Amino acid sequence: DVKVTQSSRYLVKRTGEKVFLECVQDMDHENMFWYRQDPGLGLRLIYFSYDVKMKEKGDIPEGYSVSREKKERFSLILESASTNQTSMYLCASSSVLTARGRETQYFGPGTRLLVL
Amino acid sequence: DAKTTQPTSMDCAEGRAANLPCNHSTISGNEYVYWYRQIHSQGPQYIIHGLKNNETNEMASLIITEDRKSSTLILPHATLRDTAVYYCIVRVLGADSWGKLQFGAGTQVVVTP
């Protein structure tokens, strides 16, 4: 079974702090994604990566950066946390071995971040 | 973008089949229909996907109409653990949307004893 793990289930940070959210997958997937989920807005893509050291902006990259130094690990960084970044953060991964547009994304359990 | 329309909520009795409808009238010919579900406080879980033909796996069946404008996810014997929000997603293909899943509001399914 695919396993995607996230470093924390719950996190409380103060405004202005630098926040690191880590995601690890154990299926040797090439693609990794970071989403945030907010009530009434659904899931929105922040960044994704299709290879080590490669990254692409999603729909809402402002205020975030990412790092992919190893294939299995994809980090989301909030350089200076703000209260509007309070949200549920979800990491996902998928393989490119299936045809484009058909790959299945597997999600981690999520990190609930509260910025005070 | 191909968008989907789902009912906001649905109740189902435990042990009965749950039929979840989804409309996607603007779907393109090469776009797949995906279903995910999200149990409270967990990440979304993949259920099934299809293009034209009906599909079945250990979790569910997917029935796609011949004109592909709508589909139905069938949970054959709903259990209490199937209580979740179910998302019907049409993959948006294209150079700038590769890999992106566009989740809508989904259908809140409550399975009752």
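**As for the overall build of chain B**
Point 1. Within chain B, the secondary structure is distributed over zero helices and nine strands.
Point 2. Ordered by position in the sequence, the α and β elements of chain B form the string β-β-β-β-β-β-β-β-β.
Point 3. A compact globule built from 113 residues should have a C-alpha radius of gyration of about 13 Å, and chain B, at 14 Å, falls within 12% of that.
Point 4. Overall, the C-alpha framework of chain B stretches about 45 × 30 × 25 Å when taken along its three principal axes.
Point 5. Relative to its full complement of 113 residues, chain B shows a buried share of 48%.
Point 6. A sequence separation of at least 24 residues applies to 55% of the contacts in chain B between residues at least 6 apart.
Point 7. In the form shown here, chain B has an accessible surface area of approximately 5,600 Å², with 49% of it arising from carbon and sulfur atoms.
Point 8. Within chain B, one finds 9 positive and 10 negative side-chain charges whose respective centroids are separated by 2 Å.

**Side note on the state of the cysteines**
Point 1. Evaluated as defined, the whole model comprises two disulfides over all chains.
Point 2. Covalently, Cys23 of chain A is tied to Cys91 of chain A through a disulfide, its sulfur atoms 1.9 Å apart. As the torsion about the S-S bond is roughly -80°, the Cys23 of chain A-Cys91 of chain A disulfide counts as left-handed. Pair noted here: Cys23 of chain A is in strand β3 (residues 19-25) and Cys91 of chain A is in strand β9 (residues 87-94), with a separation of 68 residues, a long-range link.
Point 3. Given the relative accessible area of 0%, Cys23 of chain A is considered buried.
Point 4. A relative accessible area of 0% means that Cys91 of chain A is categorised as buried.
Point 5. Between the sulfur atoms of Cys22 of chain B and its disulfide partner Cys88 of chain B the distance amounts to 2.1 Å. On the sign convention where negative means left-handed, the S-S torsion of about -80° between Cys22 of chain B and Cys88 of chain B marks this disulfide as left-handed.

**Topic: the pairing of strand β4 (residues 45-50) of chain B**
All names here are of chain B.
Point 1. Counting buried residues in β4 gives five out of six residues, a clear majority hidden from the surface.
Point 2. Two elements, strand β3 (residues 33-38) and β4, share five bridges in a ladder whose sense is antiparallel. Residue pairing across strands places Val33 opposite Gly50, the latter belonging to β4.

Quick notes on the rules
Residues numbered from 1 in each chain as written. Chains lettered and ligands numbered in written order. Predicted model: local features only at pLDDT ≥ 70, side-chain atom pairs only at ≥ 80, totals over all residues. Heavy atoms only, no water. Helix = DSSP H or I, 4+ residues; strand = E, 2+ residues; numbered from the N terminus. Rg over C-alpha atoms; globule rule 2.2 N^0.38 Å. Buried < 20%, exposed > 50% of the residue type's maximum accessible area, 1.4 Å probe, protein only. Contact = heavy atoms within 4.5 Å. Areas by Shrake-Rupley, 256 points an atom, 1.4 Å probe, with all protein chains shown as cover. Lys, Arg positive; Asp, Glu negative; His and termini not counted. Charge placed at Lys NZ, Arg CZ, Asp CG, Glu CD. Disulfide = S-S within 2.5 Å. Pairing = 2+ DSSP bridges.

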